[in-house]
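Observations on the model geometry
Below, each chain spelled out in residue letters.
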Amino acid sequence: MKIFLDTASVTEIQKALTYGVIDGVTTNPSLVAKEGREFVPLIREITALVPGPVSVEVTASTPQEMIAQAETYAAIAANVVIKVPVNLEGLQVVRTLSKRGIQTNVTLIFSPSQALLAAKAGATYVSPFVGRVDDISGEGMALVKDIAHIYGNYRIATEIIVASVRHPLHVVEAARIGAHVATIPFATLAQLLHHPLTAAGMERFLKDWEKVKR
Ligand code: G3P
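Everything in this summary refers to the structure shown in the same document. (Residues numbered from 1 in each chain as written. Predicted model: local features only at pLDDT ≥ 70, side-chain atom pairs only at ≥ 80, totals over all residues. Heavy atoms only, no water.)

When you go through the chain residue by residue, the secondary structure sums to 11 helices and 8 strands. Along the first, second and third principal axes, the C-alpha set of the chain runs to 75 × 40 × 30 Å. In the chain, buried positions account for 44% of the 214 residues. The contacts in the chain between residues at least 6 apart in sequence include a share of 55% that link residues at least 24 apart. Total accessible area on the chain is roughly 11400 Å²; 56% of this is exposed by carbon and sulfur atoms. Both charge centroids of the chain, one from 20 positive and one from 19 negative side chains, sit 6 Å from each other. (Helix = DSSP H or I, 4+ residues; strand = E, 2+ residues; numbered from the N terminus. Buried < 20%, exposed > 50% of the residue type's maximum accessible area, 1.4 Å probe, protein only. Contact = heavy atoms within 4.5 Å. Areas by Shrake-Rupley, 256 points an atom, 1.4 Å probe, with all protein chains shown as cover. Lys, Arg positive; Asp, Glu negative; His and termini not counted. Charge placed at Lys NZ, Arg CZ, Asp CG, Glu CD.)

In C-alpha cells form, the structure reads like this:
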C-alpha cells in the first residue's frame, strides 16, 4: 500500500521524506490555509520536494472555471494531481481532464455510488473520507470495503485513497482491505510505529549494555 502524507506543510513533508516511507502528498484548501503562504509558490515547493503525486484541489464552481484552474495547477509540475469534488460539475471536469492526460483525485467521497461514477468519468484516484464518516457514527472502513468490492467486480483501474485518516487502525484496516493508498496526517505516521513493548525492550537493552565490559 502506498502512503501519502496529508499535509501542505513543507516542514512535515521534508521530515517525513527522510523516513523513506512516503509515496506522495495530498493537500486540500483547509490544509493550505493553515500554512498562511501564497498558494502557487507553496505548491511549487511541495511538488519539487515530493518524488510522487501531489494532489491540489480546485475551488471554482463551474466546470469551465475548474478546468481553467486545473490547467494552471497542472502546469506547475508533472506530478500535480487535480483534486475535484464529487458532483455533476466535477464529473465533467474529470472527464475533460482525463482526456487531456491530467490525473485526477475525486474527493469528498461518502458513498459507493459516488465512487462508481467518479471511476466511470475517468478518475485516477477516489478519496473516501473515513474519519468524517466515523465522526457521524457511520463506518468509514465499510465504505472503503464496498468501493474495493465494486471496483474489483469490474477490474476498475481507479485507485482508492483512504483519506480523513484519524488513527493507526484506519491505516491497518486500509491495508487489510487492499486499498491502493492511505493518506495520513504527520502525527499518525509516528503513531504507526509506536509500541510500548518496543520502547520497554529498548530501555532494557540499553541498561544491560551498560553492564557489558568493553
Ligand atoms: O485531504 C482530505 C482529508 O484527508 C481530510 O481529512 O481530517 O479534515 O477529515 P479531515
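Moving on from the coordinates now.
This part takes up the site of the ligand. Taken together, Asp6, Asn28, Lys83, Phe129, Arg132, Ala163, Ser164 and Arg166 form the complete shell of residues around the ligand. Between the ligand and the protein, one listed contact pairs an oxygen atom with a side-chain N or O atom of Arg166 at 2.6 Å. The residue inventory of the shell around the ligand, partitioned by class, reads 2 nonpolar, 2 polar and 4 charged. (Near = heavy atom within 4 Å. Polar contact = N/O pair within 3.5 Å; in protein donor to acceptor, adjacent residues only side chain to side chain. Nonpolar A, V, L, I, M, F, W, Y, C, P; charged D, E, K, R; others polar.)

Looking now at the environment of Asn28. Structurally, the position occupied by Asn28 is in the loop between strand E2 (24–26) and helix H2 (29–35). Residue classification places Asn28 among the buried positions, given a relative accessible area of 14%. Sequence-wise, Asn28 and Leu97 are 69 residues apart; in three dimensions their C-alpha atoms are separated by 19 Å. Dropping the residues within four chain positions of it, Asn28 is found in contact with Glu57 and Lys83. From its side chain, Asn28 meets the backbone nitrogen of Ser30 in a polar contact 3.0 Å long.

Relative to the assigned elements, Ala60 resides in the loop between strand E3 (54–57) and helix H4 (63–74). Spatially, the C-alpha atoms of Ala60 and Val165 are 26 Å apart, while their sequence positions differ by 105 residues. Ignoring anything within four residues of it in the chain, the contact list for Ala60 reads Glu65, Met66 and Gln69.

It is worth spelling out the nonpolar core at this point. Generally speaking, soluble globular proteins have nonpolar side chains that are buried together. Counting 56 residues, the largest nonpolar core has Ile46, Ile82, Val106, Ile109, Val126 and Val162 as the members making the most contacts within it. A per-element tally of this core places helix H8 (residues 140–153) first, with 5 residues. Beyond its immediate stretch of four places on either side in the chain, Ile82 contacts Val56, Val58, Ala70, Tyr73, Ala74, Leu97, Ile102, Gln103, Thr104 and Asn105. Membership of the second largest hydrophobic core comes to 5 residues, among which are Phe4, Val81, Tyr125 and Val181. (Core = buried A, V, L, I, M, F, W, Y, C linked by side-chain atoms within 4.5 Å.)

Now for the packing of H8 against helix H9 (residues 168–177). Relative to each other, H8 and H9 sit at 20°, their axes nearing to 10 Å. Viewed along their axes, H8 and H9 adopt a mutual orientation that is roughly parallel. Every pair of crossing elements has a handedness; the one defined by H8 and H9 is right-handed. In this structure, H8 contributes Met141, Val144, Lys145 and Ala148 to the contact, and H9 contributes His170, Glu173, Ala174 and Ile177. (Axes fitted to C-alpha atoms, helices over the stretch in contact; angles between N-to-C directions. Parallel < 35°, antiparallel > 145°, perpendicular 65-115°, else oblique. Left-handed = near helix turned anticlockwise from the far one by under 90°.)

Take the side chain of Thr27 next. Topologically, Thr27 is positioned in the loop between E2 and H2. A distance of 2.6 Å separates a polar atom in the side chain of Thr27 from the backbone oxygen of Ser55. Once you skip the residues sitting within four places of it in the chain, Thr27 turns out to touch Thr7, Ala8, Val32, Ile46, Ser55, Val56, Glu57 and Lys83.

Turning next to a nonpolar patch on the surface. On the surface, a nonpolar cluster with roughly 220 Å² of combined accessible area is contributed by Leu169, Val172 and Leu192. Inspection of the secondary structure puts Val172 in helix H9. Looking at Val172, the relative accessible area reads 36%, which means it is partly exposed. (Patch = residues over 30% accessible without salt bridge, like charges linked within 9 Å, V, L, I, M, F, W, Y side chains within 5 Å. Salt bridge = Lys/Arg side-chain N within 4 Å of Asp/Glu carboxyl O.)

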